[in-house]
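# Descriptive structure summary
Here are the chains, one letter per residue:
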Amino acid sequence: MNALISVSDKTGVLELARGLQALGVSLISTGGTARLLQDAGLPVTEVAEVTGFPEMLDGRVKTLHPMVHGGLLARRDVPEHMAALRAHGIGTIDLLVVNLYPFEATVAKPGCALEDAIENIDIGGPAMVRSAAKNWKDVGVLTDASQYEPVLAELREHGKLSDKTRFALSVAAFNRISNYDAAISDYLSGLQEDGSRALFPAQSNGRFVKLQDLRYGENPHQQAAFYRDLYPAPGSLVSAQQLQGKELSYNNIADADAAWECVKSFDTPACVIVKHANPCGVAVGEGVLQAYEKAFKTDPTSAFGGIIAFNRALDGATAQAVSKQFVEVLIATDFTPEALEVFRAKANVRLLRIELPPGGATDWARGRNAVDVKRIGSGLLMQTADNRELSIDELKVVTRLQPTPQQLQDLLFAWKVAKYVKSNAIVFCKDGMTMGVGAGQMSRLDSARIASIKAQHAGLSLQGTAVASDAFFPFRDGLDVVVDAGASCVIHPGGSMRDAEVIAAADERGVAMVFTGVRHFRH
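Rules behind the numbers
Residues numbered from 1 in each chain as written. Predicted model: local features only at pLDDT ≥ 70, side-chain atom pairs only at ≥ 80, totals over all residues. Heavy atoms only, no water. Helix = DSSP H or I, 4+ residues; strand = E, 2+ residues; numbered from the N terminus. Rg over C-alpha atoms; globule rule 2.2 N^0.38 Å. Contact = heavy atoms within 4.5 Å. Lys, Arg positive; Asp, Glu negative; His and termini not counted. Charge placed at Lys NZ, Arg CZ, Asp CG, Glu CD. Buried < 20%, exposed > 50% of the residue type's maximum accessible area, 1.4 Å probe, protein only. Disulfide = S-S within 2.5 Å. UniProt positions renumbered as here; feature names shortened; annotations may be inferred. Salt bridge = Lys/Arg side-chain N within 4 Å of Asp/Glu carboxyl O. Pairing = 2+ DSSP bridges. Core = buried A, V, L, I, M, F, W, Y, C linked by side-chain atoms within 4.5 Å. Axes fitted to C-alpha atoms, helices over the stretch in contact; angles between N-to-C directions. Parallel < 35°, antiparallel > 145°, perpendicular 65-115°, else oblique. Nonpolar A, V, L, I, M, F, W, Y, C, P; charged D, E, K, R; others polar.

### Topic: the overall build of the protein chain
Looking only at helices and strands, the protein chain has 19 helices and 23 strands in total. Relative to the compact-globule value of 24 Å for 523 residues, the protein chain shows a C-alpha radius of gyration of 30 Å, a clear excess of over 25%. In terms of overall dimensions, the protein chain has C-alpha extents of about 95 × 60 × 45 Å along its principal axes. Sequence-distant contacts in the protein chain: of pairs separated by 6 or more residues, those separated by 24 or more amount to 54%. Averaging the positions of the 52 positive and the 59 negative side-chain charges in the protein chain gives two centres separated by 4 Å.

In structure tokens form, the structure reads like this:
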């Protein structure tokens, strides 16, 4: 049995080579890998001895040769193939160990030059991987260090690799090549004349890994599966660990993502309850129990069967409170033993543990998508994600009445929540909790009316509340509706042709109004 080893990342390769040599496998290698094995005292044949040609063109050409590819591609069950090998003195290669030049890591470096990127495009490696993967019935191909130990274990136990293992290795190899080529395409098609990279390349190559098949999609007649990014951001939903409960459904996952994205945007202990992709209750508190109790008060009816998310660990007392209602999915950064004990009696409740992202300057470090994608007929809409955050210094007071410090805090809280509510969005808030949420209506007036009706049904007074509107009020009528309901201050983007009319109405009604200059449509 012959193994050709040629790796850029040397992680684990010595242990693999020693294991193969102990099993009587003959080792063939290239360049730096060969020197590493030789220095470790392992017998190895350099590829140049096999091909009869030295490495050429600064290493660009070394394995692109019939002596290599013939040994990889020859079918052992085809007599003519084996006769051709004998006629040309070509030996079989039964195991290929290759990982590729670090193109992705190279172009990820700030200021990467095109020349550096080009030199890190592997040619011979992918060619060998494709040859070996195509001939999977006779050749095993390893493209990642995580495969080394399982392959060695199988060889030690059985003396060879099963068809099932070789096929799985082949699939993994083609996936690696696909991802590698997609990274090259993304980089080159996004490169601009000045050397910078376009946010949206001329060709977009999505790369996702399936996590699981789902029972069905939004409706039972639809099929569905759950995928994650090849390189997911830390602290995103795909990193969740399910501790108990039934399998997540398509709708569970969509709603859980909406809840988690909203709750992790708060720095203080917070609770978000989501139903049908919209927050129906959001609150902050001194602890998670207080945050939950305030969020639940917003709309107890809609909270039934919802998704609840916390940006802190869930303790026993809060678990007891939550367990009194019907909940589909419960998300927290952790669960205390007492909390787990409470839900052990409710085996169907899905508990998801997600660590908060580490935080930092980039969207990735903060666990956020940099780009949003929406599928349309035979195409995609792509945009930068709505990661815009607003500080109190950016607010522009446009009315004679100035908001109080407490009102400013309520306005910022309402504005943060409105960002996660489907348009048209109207959100009433006070003292760090939502008081009424109107979502997804064709008319902003209807959203305002619905928000106030929900508050009435929940027994909440809207007197003195802060109201956020995700887009401007095109007429004064929307402002009149929220003020009639009890609002004392309003936040919205501004920018309407009738801003002056709306501002005058606010002055007439004796409420404070601030403009953000930022719109938060969410469709």
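### Concerning helix H19 (residues 499-509)
For H19, every residue scored as buried is listed here: Asp-499, Val-502, Ile-503, Ala-505, Ala-506 and Asp-507. Buried residues in H19 make contact with helix H18 (476-485), strand S22 (487-492) and strand S23 (512-515). Phi turns positive, to about 75°, at Gly-510, one or two residues after H19.

### Here's the deal with the state of the cysteines
The full count for this structure, using the stated rule, is zero disulfides. Left without a disulfide partner, Cys-271 is nearest to the cysteine sulfur of Cys-280, which lies 9.4 Å away. Exposure remark for Cys-271: the relative accessible area of 0% places this residue in the buried category. Looking at Cys-489, it has no disulfide partner, and the nearest cysteine sulfur is the one in Cys-429, 9.9 Å off.

### Notes on the UniProt feature "domain: MGS-like" (unreviewed entry) in the protein chain
Look at the UniProt record and you will see "domain: MGS-like" (unreviewed entry) annotated at residues 1-143. A distance of 19 Å separates the end C-alpha atoms of residues 1-143, which is 45% helix and 14% strand.

### Observations concerning the side chain of His-492
In this fold, His-492 is placed in strand S22. Setting aside residues no more than four positions away along its own chain, His-492 makes contact with Trp-415, Ser-469, Ala-471, Phe-472, Phe-473, Val-502, Met-513, Val-514, Phe-515 and Thr-516.

### A closer look at the pattern of salt bridges
The full count for this structure, using the stated rule, is 23 salt bridges. The residue Asp-213 makes a salt bridge to Lys-210 at a minimum N-O spacing of 3.0 Å. The class of Lys-210 is partly exposed, set by a relative accessible area of 42%. As a salt-bridge pair, Asp-480 and Arg-509 come within 3.1 Å of each other at their nearest N and O atoms. You can see Asp-480 sitting in helix H18 and its partner Arg-509 sitting in helix H19, a full 29 residues away along the chain. Classification of Asp-480 as buried rests on a relative accessible area of 16%. Several salt bridges share partner residues, and in doing so they unite Arg-476, Asp-480, Asp-484, Glu-508 and Arg-509 into one network.

### Brief notes about the pairing of strand S13 (residues 327-332)
Across the six residues that make up S13, a large majority, five, are buried. Of the strand pairs in this sheet, strand S11 (residues 306-310) and S13 are connected by four bridges, and their pairing is parallel. Bridge assignment links Ala-309 to a residue of S13, and that residue is Ile-331. Bridge analysis of S13 against strand S15 (residues 350-353) gives four bridges, and the strand direction is parallel. Within S15, the position partnered with Ala-332 by the bridge is Arg-353.

### Considering the environment of Arg-215
Relative to the helices and strands, Arg-215 resides in the loop between strand S6 (208-214) and strand S7 (224-229). Taking the C-alpha atoms as reference, Arg-215 lies 8.7 Å from Leu-248; in sequence the two are 33 residues apart.

### Observations regarding the nonpolar core
Core analysis: the biggest nonpolar cluster contains 50 residues, and Phe-310 and Val-482 have the highest contact counts within it. Beyond its immediate sequence surroundings of up to four residues, Phe-310 is in contact with Trp-260, Val-263, Ala-270, Cys-271, Val-288, Tyr-292, Thr-318, Val-322, Leu-330, Ile-331, Ala-332 and Thr-333. Ranked by size, the runner-up nonpolar core spans 48 residues in total, among them Leu-248, Val-274, Leu-390 and Trp-415.

### A look at the environment of Ala-258
With respect to the helices and strands, the residue Ala-258 is situated in helix H11 (residues 250-263). We classify Ala-258 as buried; its relative accessible area is 7%. On a C-alpha basis, the gap between Ala-258 and Tyr-420 in space is 7.4 Å, while along the polypeptide they are 162 residues apart. For Ala-258, the contacting residues outside a window of four places in its chain are Val-274 and Ala-277.

### Describing the sheet that holds strand S1 (residues 2-7)
With parallel pairing, the five strands of this open sheet are ordered in space as S3-S2-S1-S4-S5. Edge positions in the open sheet fall to strand S3 (45-46) and strand S5 (140-142), since each of these has one partner strand only. With five bridges joining them, S1 and strand S4 (residues 95-99) adopt parallel strand pairing. Looking at S4, one finds that Ile-5 is bridged to Val-97.

### Thoughts on the packing of helix H1 (residues 13-22) against helix H9 (residues 148-158)
For the pair H1 and H9, interaxial distance at closest approach is 10 Å and the crossing angle is 10°. With respect to their mutual orientation, H1 and H9 come out roughly parallel. In contact with Val-13, Glu-15, Leu-16, Gly-19 and Leu-20 of H1, H9 contributes Tyr-148, Leu-152, Leu-155 and Arg-156. Along the lines of polarity and charge, the residues of the contact of H1 with H9 split into six nonpolar, one polar and two charged.

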